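These are the residues of each chain, in order.
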Amino acid sequence: MTPYDSFYGNDADLYCVIHDLKLVLAKTEDMNFSDSDLVADVFPDITRKSFIVSLLITLDEQFKVYCEILKESTGQTLKWNELKGSALERFIMYSTKVCGFTGICDNSSRQLLSGLIEVRNCIIHNSSCLEGFSKRGVIESFSSKVDGVTIENGIVFLDVEACIYCADLILEFMSKAYSIALEHFIKERQ
């Protein structure tokens, strides 16, 4: 399989995964918890937060696969996970500085993705509570830019539209990266 085919296949796969995650979100949003249901009382937005965590698992996997294809197709000896920084920073650095791709990520996309990653981290590591969370400012900035991401009494909440926006953000970001790779490797396919 050529690098072009690998990048193309993974781009198509990502689209399907994001689409399926959106379908699962829609189905879970349709679930009707009664007022006396413990789930509705204790975990009022569990489906949305689970959606965000699932999205970021998908994004992390995409970073890994993309960089592994780049490594193999460019003959790099350095692995992307040998770089320092967050997964997003390593992905961008590997794509641009190590493999020479340009235009992978603009500053606005980088800030939005960093904010989304910190929302996920806050959900996982601090039960969505900003109190004592080290990247509180990043999340507050993200919530000011994304409709439907709110902070109430120091807790992060997401509405369905914000979840869909986050899915589209990830899809758009990775689709751009895949387009750049496809453009680079089209010659080898012909």
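Residues numbered from 1 in each chain as written. Predicted model: local features only at pLDDT ≥ 70, side-chain atom pairs only at ≥ 80, totals over all residues. Heavy atoms only, no water.

Peer 1: Can you help me understand the nonpolar core in this one?
Peer 2: Looking at soluble globular proteins, one finds that nonpolar side chains tend to be buried together. Phe-7, Ile-52, Leu-55, Phe-63, Tyr-66, Phe-91 and Met-174 are the most contacted members of the largest nonpolar core, which has 58 residues in total. Every element with two or more residues in this core is listed here: helix H1 (3-30), helix H3 (46-74), helix H4 (87-98), helix H5 (107-126), helix H6 (136-145), strand E2 (155-158) and helix H7 (160-189). Per-element tally for this core: the top contributor is H7, with 15 residues. Those residues in contact with Ile-52 that sit more than four places away from it in its chain are Leu-116, Val-119, Arg-120, Ile-123, Leu-158, Cys-163 and Cys-166. (Core = buried A, V, L, I, M, F, W, Y, C linked by side-chain atoms within 4.5 Å. Buried < 20%, exposed > 50% of the residue type's maximum accessible area, 1.4 Å probe, protein only. Helix = DSSP H or I, 4+ residues; strand = E, 2+ residues; numbered from the N terminus. Contact = heavy atoms within 4.5 Å.)

Peer 1: Before we go on, may I ask you to explain the packing of H5 against H6 in this structure?
Peer 2: Axes are the key here: two packed helices are described by the angle between their axes and the distance separating the axes. Running from N to C, H5 and H6 cross one another at 115°; their axes reach a closest spacing of 8 Å. Judged by the sense of rotation from one axis to the other, the crossing of H5 with H6 is left-handed. Across the interface between the two elements, Gln-111, Leu-112, Ser-114, Gly-115, Leu-116, Glu-118, Val-119 and Cys-122 of H5 pack against Val-138, Ile-139, Phe-142 and Lys-145 of H6. Of the residues belonging to the contact of H5 with H6, the class tally is seven nonpolar, three polar and two charged. (Axes fitted to C-alpha atoms, helices over the stretch in contact; angles between N-to-C directions. Left-handed = near helix turned anticlockwise from the far one by under 90°. Nonpolar A, V, L, I, M, F, W, Y, C, P; charged D, E, K, R; others polar.)

Peer 1: I would appreciate a short explanation of the pairing of E2 in the present structure.
Peer 2: Side chains on a regular strand alternate between the two faces of the sheet. Burial along E2 is one-sided: Val-156 and Leu-158 are buried, while Ile-155 and Phe-157, pointing the other way, are not. Relative to E2, strand E1 (residues 149-152) is paired through four bridges, and the arrangement is antiparallel. Each bridged residue has a counterpart across the sheet, and for Glu-152 the counterpart in E2 is Ile-155. Here E1 folds back onto E2 in antiparallel fashion, the turn holding two residues, of which Asn-153 has a positive phi close to 55°. (Pairing = 2+ DSSP bridges.)

Peer 1: Please clarify how the pattern of salt bridges should be interpreted in this entry.
Peer 2: Note that side chains of opposite charge can pair when their charged atoms are close. Per the stated rule, a full pass over the model turns up five salt bridges. The salt bridge partner of Arg-120 is Asp-60, with a shortest N-O separation of 3.4 Å. Residue Arg-120 is found in helix H5, and its partner Asp-60 is found in helix H3; the two are separated by 60 residues along the sequence. With its nearest N and O atoms 2.7 Å apart, the salt bridge here joins Glu-140 to Arg-136. Here Glu-140 pairs with Arg-136, and both are found in helix H6, just four residues apart, close to one helical turn. (Salt bridge = Lys/Arg side-chain N within 4 Å of Asp/Glu carboxyl O.)

Peer 1: How should I be thinking about the environment of Cys-166 in this particular structure?
Peer 2: Its place among the elements puts Cys-166 in helix H7. Considering only alpha carbons, one finds Cys-166 and Leu-56, 110 residues apart in sequence, at a separation of 9.6 Å. When sequence neighbours within four positions are dropped, the list of residues in contact with Cys-166 reads Ile-52, Leu-55, Leu-116 and Phe-142.

Peer 1: Quick question: what am I supposed to make of the packing of aromatic side chains here?
Peer 2: The tally for this structure, following the rule as stated, stands at eleven aromatic pairs. When the centroid spacing of 5.3 Å and the interplanar angle of 65° are considered together, the rings of Tyr-66 and Tyr-178 count as edge-to-face. Pair noted here: Tyr-66 is in helix H3 and Tyr-178 is in helix H7, with a separation of 112 residues, a long-range link. The buried category is assigned to Tyr-66, whose relative accessible area is 0%. The lysine or arginine in question, Lys-49, covers the ring of Phe-157, its NZ or CZ lying 5.0 Å from the ring centre. (Phe/Tyr/Trp six-rings, centres within 6.5 Å; stacked < 30°, edge-to-face > 60°. Lys NZ or Arg CZ within 6 Å of the ring centre and 35° of its normal.)

Peer 1: Looking at this structure, how should I read unusual backbone geometry?
Peer 2: Excluding glycine, residues mostly have negative phi values, and the peptide bonds linking residues are mostly trans. The phi dihedral of Ser-128 is positive, around 70°, even though this residue is not glycine. Relative to the assigned elements, Ser-128 resides in the loop between H5 and H6. Although it is not a glycine, Asn-153 adopts a positive phi angle of roughly 55°. On the secondary structure map, Asn-153 appears in the loop between E1 and E2.

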